[in-house]
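# A structural walkthrough
Each chain, letter by letter, is given below.
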Amino acid sequence: MKEIVITSLEAGQRMDRLLGKYLREAPKSFLYKMMRKKNITLNGKKAEGSEKLREGDVIRLFFSQETLEKFSGSREEIQEADRQYPYRKLDVLYEDEHVLFINKPAGMLTQKARPEDRSLVEYLIGYLLRSQAVTAKDLEHFRPSVCNRLDRNTSGIVAAGKTVAGLQELGKLFHDRTMDKYYRCVVKGELKEACRLEGYLAKDGEANQVRIFREEREDARPICTEYVPLGHGGGLTLLEVKLITGRSHQIRAHLSSIGHPILGDPKYGDEKLNRYAAARYGIKYQMLHSQRIRMPVLAGTLAPLSGKVIEAGMPDCFRRVLEGEFGSTQAWNGKE
């Protein structure tokens, strides 16, 4: 008999999904059959598998050791995989028992695009292993992950769940758009008035590029972007952008569509201006930074985040351009 006591990391997920992680080689039909026969129980009672697990719940598997080993898979393979998570110092902006917020540098993938890639997710797990927030054994049943994505060459705030409950609740906030998300960017030209842009965005998956339209189209989704100018210099404007909808490349393409592309943007930017910025300031990536998130009033798992504002500081590339073109970095401190 094997006994599984649910930890805070595992709480919040369905029982059948957790069983699938412990018994990776077992068919689902086998697991449901064992629950019907009470060879798998939850807190001493018959279970259906759809139950949401809570911390302290006890699952008992009335199996022989041979059966457990057969369906659990190779522990050596798991341990070897756990050793593949590299450690990299992360700029952690906020962390509690369930979630953390990280300031991702430009040039880093948020999630893997290919099996051989190293992304923020791998560095996140490496960080949590090193800080002992999770153990290699925990990773057999739940892997912490990110709740939102930034383009590889966009810097700023990425939220992650350390526990099932944290990942689910934070993911719901992003899905429901109940938090305010603000970006900073440097764009071509002078914009002097705050503006609310609306339009429609169509994505070309093969080219990994989008197009913006003013009129509604069958293949395009509605978008809304608000911005406030914070300062000007050298024919450039520092903007604070509030993301109302969150489509792929939305800010980059939307600003480019009105003639104000982001400095350094290789897809939607101005080639001549980008060459100047690269030569004078060493700009390698688009100057777009997820700078601030304002959380709504929250309860339960995310109560410690209720009403909080998470901020990511000014990247060096912004500092260089603002000092060189604006004469100072004072514009960064502009009001909403």
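Residues numbered from 1 in each chain as written. Predicted model: local features only at pLDDT ≥ 70, side-chain atom pairs only at ≥ 80, totals over all residues. Heavy atoms only, no water.

The protein chain carries the name RNA pseudouridylate synthase in an unreviewed UniProt entry, which gives Candidatus Merdiplasma excrementigallinarum as its organism. Database annotation for the protein chain, UniProt heading Catalytic activity (unreviewed entry): "a uridine in RNA = a pseudouridine in RNA". In UniProt, the protein chain has this text filed under Sequence similarities (unreviewed entry): "Belongs to the pseudouridine synthase RluA family." (UniProt positions renumbered as here; feature names shortened; annotations may be inferred.)

### Some words on the pattern of salt bridges
Overall, the coordinates contain 18 salt bridges when judged by the stated rule. Among the salt bridges present, the one from Glu-240 reaches Arg-184, with a minimum N-O distance of 3.0 Å. In this pair, Glu-240 sits in strand β13 (residues 236-243) while Arg-184 sits in strand β9 (residues 180-188), placing the two residues 56 residues apart along the sequence. Accessibility expressed as a relative area gives 3% for Glu-240, which makes it buried. (Salt bridge = Lys/Arg side-chain N within 4 Å of Asp/Glu carboxyl O. Helix = DSSP H or I, 4+ residues; strand = E, 2+ residues; numbered from the N terminus. Buried < 20%, exposed > 50% of the residue type's maximum accessible area, 1.4 Å probe, protein only.)

### Points about the pairing of β9
On a regular strand, each side chain points to the face opposite its neighbour's, so the side chains alternate between the two faces of the sheet. Extensive coverage of β9 is indicated by the burial of seven of its nine residues. Examined bridge by bridge, β9 and strand β14 (residues 288-294) share six bridges and lie antiparallel to one another. Its bridge partner lying in β14, Lys-181 is registered against Ile-293. Note that β9 and β13 share seven bridges and pair antiparallel. (Pairing = 2+ DSSP bridges.)

### Focus: the packing of helix α8 (residues 271-281) against helix α9 (residues 316-326)
The contact between α8 and α9 brings their axes to 11 Å, and the two run at 100°. Classified by the angle their axes make, α8 and α9 are roughly perpendicular. The segment α8 lies against α9, with Tyr-276, Arg-280 and Tyr-281 engaging Arg-320, Val-321, Gly-324 and Glu-325. Residues that form the contact of α8 with α9 fall into these classes: three nonpolar, one polar and three charged. (Axes fitted to C-alpha atoms, helices over the stretch in contact; angles between N-to-C directions. Parallel < 35°, antiparallel > 145°, perpendicular 65-115°, else oblique. Contact = heavy atoms within 4.5 Å. Nonpolar A, V, L, I, M, F, W, Y, C, P; charged D, E, K, R; others polar.)

### Focus: the nonpolar core
Leu-238 and Leu-255 are the most contacted members of the largest nonpolar core, which has 49 residues in total. The element best represented in this core is helix α5 (residues 120-130), accounting for seven residues. When neighbours within four sequence positions are excluded, Leu-255 is seen to be in contact with Cys-185, Val-187, Leu-197, Tyr-227, Leu-239, Val-241, His-260, Pro-261 and Ile-262. Core analysis: the second largest hydrophobic core is formed by 22 residues, Ile-6, Phe-30, Ile-40 and Ile-59 among them. (Core = buried A, V, L, I, M, F, W, Y, C linked by side-chain atoms within 4.5 Å.)

### A few points about the side chain of Asn-103
Residue placement: Asn-103 occurs in strand β6 (residues 99-104). The class for Asn-103 is buried, based on a relative accessible area of 14%. With residues up to four places along the chain from it excluded, the contact list for Asn-103 reads Asp-91, Leu-93, Gly-156, His-289, Ala-312 and Gly-313.

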